Amino acid sequence: MEVKVLSSKLVKPAFNAGAAPATEYIPLSIFDRVTFRMQMAIIYAFASPAPSTAAIEKGLAAVLSQYRAFAGQLGVNPDDGTPSFILNDRGARLVEASVDADMVDMAPAKPTPDLLKLHPDLEGELEEVVLLQLTRFRCGSLAVGFTSNHVVADGHATSNFLVAWGRATRGLPAGPPPVHHHKDLFKPRSSPRVEHDHRNREYYQPSPNAVVGHHGDGVDNIVIHKAHFTKDFIAGLRASASEGRGRPFSRFETILAHLWRTMTRARDLSPEETSKIRLSVDGRHRLGKPAEYFGNMVLWAFPRATVGDLLNRPLKHAAQVIHDEVARVDGTYFQSFVDFATSGAAEKDGLAPSAVCKDAMCPDVEVDSWLTFPFYELDFGTGSPSYFMPSYFPTEGMLFLTPSYIGDGSVDAFVPVFEHNLQAFKECCYSAE
């Protein structure tokens, strides 16, 4: 598929009063500092008749006047050298492109590297933290590729922005303004208490000669399989996992437990090996902070089990392990992290954030669940998107869960696996055993 870039420009915030406010420096929070250094890329598809570029751009300029962090840059405060979001209203980059093909040729049935052509890449020399691409297809459909720097905002904050962008494009109020970090927002207790092992969860002690991050090994052998779980299949899984339990496991807990076991079986690991999951836990309500907080307020739960237990014990066991570990990451846990992260111990001891991107997670799993984010509420005036999906992200073991575009309560799972494990994964993916 050949994508032709037609234009690229910066869209600056449009302020009602005319004059832009002064530049502000918002210090990175303790949560921003431990999150993944990666780009977050989403692909939206809108069927014909698609919204006009002029309307989308006007809505973008309007919403950026509220969400100034997405029109700014990452840098340091010149007064004290603090790493900060610079609210300088530089703008978000908007790319226009076209494809001499129909949208059906890019149907969401199979994620491929072609998806990378539908959104800009933040890995280059560009200074923006948000890049957008509007790709028009021959059939009149539109793909909207959204790429943002994860350090600036987590999934919760990003979804708030996207919904507000749609509202602004339709001429409606964007909604409640975002709440930014300030130095007194995450304060330690008067008597700080570090009650959990944050040194080995959110942080780690790097070895002097260790190489972390992407190594480039094996990426060519990774394929992304899209698994579709129907509403009835999920109901059956939940009933099986929750049998004899007063309160059934959630849809998320059940699907993740099933995929954890399925991936473990497909990988053909030894029974004594341990597998763990990294899954994000939102701290907004756990810390009593507003839902409009814009930035990162996520820590992680790390369910773990031996391969033998995952495969030889029923689905209920894996679901319970996930449930119990997430429950431990409560408000007390978040406050313990605040006490530790503000103590200076991590900097003093040379600890590094453990959220590091890798090419392969095996024997572990990482999951990004978008099941509760209102991504389908992005409406530019012609209705909700036909579908949305993550971009092509070939990290073995990194799962993305999304509501299916069918809209009937079914779920799509985007599962990167080693090519030699794909057939085994397919064979047990739809088994309730």
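- Labelled according to an unreviewed UniProt entry, the chain appears under the name agmatine N(4)-coumaroyltransferase, originating from Lolium multiflorum.
- Listed under Catalytic activity (unreviewed entry) in UniProt, the entry text for the chain is "4-coumaroyl-CoA + agmatine = N-(4-guanidinobutyl)-4-hydroxycinnamamide + CoA + H(+)".
- If you open the UniProt record of the chain and go to Sequence similarities (unreviewed entry), you find "Belongs to the plant acyltransferase family."

1. What to know about the side chain of N296
(1) Moving on: Within the element layout of this structure, N296 appears in the loop between β11 (274–282) and β12 (298–301).
(2) Moving on: A relative accessible area of 2% places N296 in the buried class.
(3) Moving on: A distance of 3.0 Å separates a polar side-chain atom of N296 from the backbone oxygen of H150.
(4) Moving on: Here D154 takes part through its backbone nitrogen, which lies 3.5 Å from a polar atom of the side chain of N296.

2. Some points on the pairing of strand β5 (residues 83–87)
(1) Moving on: Among the 5 residues that make up β5, 4 are buried, leaving the element largely enclosed by the rest of the structure.
(2) Moving on: Alignment of strand β2 (residues 24–27) against β5, held across 4 bridges, turns out to be antiparallel. The partner of Y25 across the bridge, within β5, is I86.
(3) Moving on: As paired strands, strand β4 (residues 73–76) and β5 are joined by 4 bridges and run antiparallel to one another. Bridge assignment links G75 to a residue of β5, and that residue is S84.

3. Considerations on helix α10 (residues 422–429)
Think of an α-helix as turning once every 3.6 residues; residues three or four places apart then point the same way.
(1) Moving on: Buried residues of α10: L422, F425, C428 and C429, and no others. Across the axial projection of α10, the buried residues extend over an arc of 145°, all falling on one side.
(2) Moving on: Of the surrounding secondary structure, the elements contacted by the buried residues of α10 are β10 (222–229), α4 (231–242), α5 (251–267) and β18 (411–418).

4. Points about the state of the cysteines
(1) Moving on: By the definition in use, this model includes 0 disulfides.
(2) Moving on: Left without a disulfide partner, C362 is nearest to the cysteine sulfur of C428, which lies 14 Å away.
(3) Moving on: Classification of C362 as partly exposed rests on a relative accessible area of 34%.

5. Brief notes about the sheet that holds strand β1 (residues 3–11)
(1) Moving on: Pairing in this open sheet of 6 strands is mixed, and the strands run β1-β6-β7-β8-β3-β16 from one edge to the other. The open sheet has two edge strands with one neighbour each: β1 and β16 (387–390). For this sheet, the mean angle separating the axes of adjacent strands, direction not counted, is 20°.
(2) Moving on: Packed on one face of the sheet, helix α2 (residues 53–64) meets β1, β6 (92–99), β7 (130–137) and β8 (142–149) and runs near 35° to β1.
(3) Moving on: Where helix α3 (residues 155–169) meets the sheet, its contacts fall on β3 (39–46), β7 and β8, and the angle it forms with β8 comes to roughly 140°.

6. What about the sheet that holds β4?
(1) Moving on: Judged by pairing direction, the sheet is antiparallel, and its 3 strands sit side by side in the order β2-β5-β4 without closing on themselves. This sheet does not close on itself; its edge strands, each paired only once, are β2 and β4. Across the sheet, the axes of successive neighbouring strands diverge by a mean angle of 40°, strand direction being ignored.

7. Topic: unusual backbone geometry
(1) Moving on: Backbone torsion omega between S48 and P49 reads 0°, so that peptide bond is classified as cis.
(2) Moving on: Note that P49 resides in the loop between β3 and α2.
(3) Moving on: Following C362, the chain continues into P363 via a peptide bond in cis, with omega recorded as 10°.
(4) Moving on: Inspection of the secondary structure assignment puts P363 in the loop between β14 (352–353) and β15 (365–369).

8. A short note on the nonpolar core
Generally speaking, soluble globular proteins have nonpolar side chains that are buried together.
(1) Moving on: Membership of the largest hydrophobic core comes to 65 residues, with the highest contact counts inside it found for F31, F186, F229, L259, W260 and L279.
(2) Moving on: Sorting elements by how many residues they give to this core places α5 first, with 7 residues.
(3) Moving on: Residues contacting L259, with those up to four places away along its chain left out, are F229, L399, L401, A413, V415 and F425.
(4) Moving on: Listed in part, the 62 residues of the second largest apolar core include L134, A164, W165 and A168.

9. Concerning the environment of G350
(1) Moving on: Following the sequence through the fold, G350 ends up in the loop between α9 (345–348) and β14.
(2) Moving on: The partly exposed category is assigned to G350, whose relative accessible area is 36%.
(3) Moving on: Note: C-alpha distance between G350 and I30 (320 residues apart in sequence) is 16 Å.

10. Re the environment of R265
(1) Moving on: Mapped onto the elements of the fold, R265 is located in helix α5.
(2) Moving on: According to the relative accessible area criterion, R265 is partly exposed, its value standing at 33%.
(3) Moving on: Separated by 230 residues in sequence, R265 and T35 place their C-alpha atoms 30 Å apart.

11. Comments concerning the packing of α5 against α10
(1) Moving on: For the pair α5 and α10, interaxial distance at closest approach is 8 Å and the crossing angle is 140°. In terms of orientation, α5 and α10 fall into the oblique class. α5 and α10 meet at a crossing whose hand is right-handed. Contacts between α5 and α10 pair H258, L259, T262, M263, R265 and A266 from the former with A424, F425, C428 and C429 from the latter.

12. Section: the packing of aromatic side chains
(1) Moving on: Within this structure, the stated rule accounts for 29 aromatic pairs.
(2) Moving on: For the pair Y67 and F161, a centre-to-centre distance of 5.4 Å together with 80° between the ring planes defines the contact as edge-to-face. With Y67 in the loop between α2 and β4 and F161 in helix α3, this pair connects stretches of sequence that are 94 residues apart.
(3) Moving on: Relative accessible area serves as the criterion here: at 4%, Y67 is assigned to the buried category.
(4) Moving on: For F161, a relative accessible area of 0% translates into the label buried.
(5) Moving on: Relative to F233, the ring of F229 has its centre 5.6 Å away and its plane inclined at 15°; by these criteria the two rings are stacked. With respect to burial, F229 and F233 carry one shared label: buried.
(6) Moving on: Between R278 and the ring centre of W300, over which it is positioned, the NZ or CZ distance is 4.8 Å.

Reading guide: rules and limits
Residues numbered from 1 in each chain as written. Predicted model: local features only at pLDDT ≥ 70, side-chain atom pairs only at ≥ 80, totals over all residues. Heavy atoms only, no water. UniProt positions renumbered as here; feature names shortened; annotations may be inferred. Helix = DSSP H or I, 4+ residues; strand = E, 2+ residues; numbered from the N terminus. Buried < 20%, exposed > 50% of the residue type's maximum accessible area, 1.4 Å probe, protein only. Polar contact = N/O pair within 3.5 Å; in protein donor to acceptor, adjacent residues only side chain to side chain. Pairing = 2+ DSSP bridges. Arc of directions from axis to C-beta. Contact = heavy atoms within 4.5 Å. Disulfide = S-S within 2.5 Å. Axes fitted to C-alpha atoms, helices over the stretch in contact; angles between N-to-C directions. Core = buried A, V, L, I, M, F, W, Y, C linked by side-chain atoms within 4.5 Å. Parallel < 35°, antiparallel > 145°, perpendicular 65-115°, else oblique. Left-handed = near helix turned anticlockwise from the far one by under 90°. Phe/Tyr/Trp six-rings, centres within 6.5 Å; stacked < 30°, edge-to-face > 60°. Lys NZ or Arg CZ within 6 Å of the ring centre and 35° of its normal.

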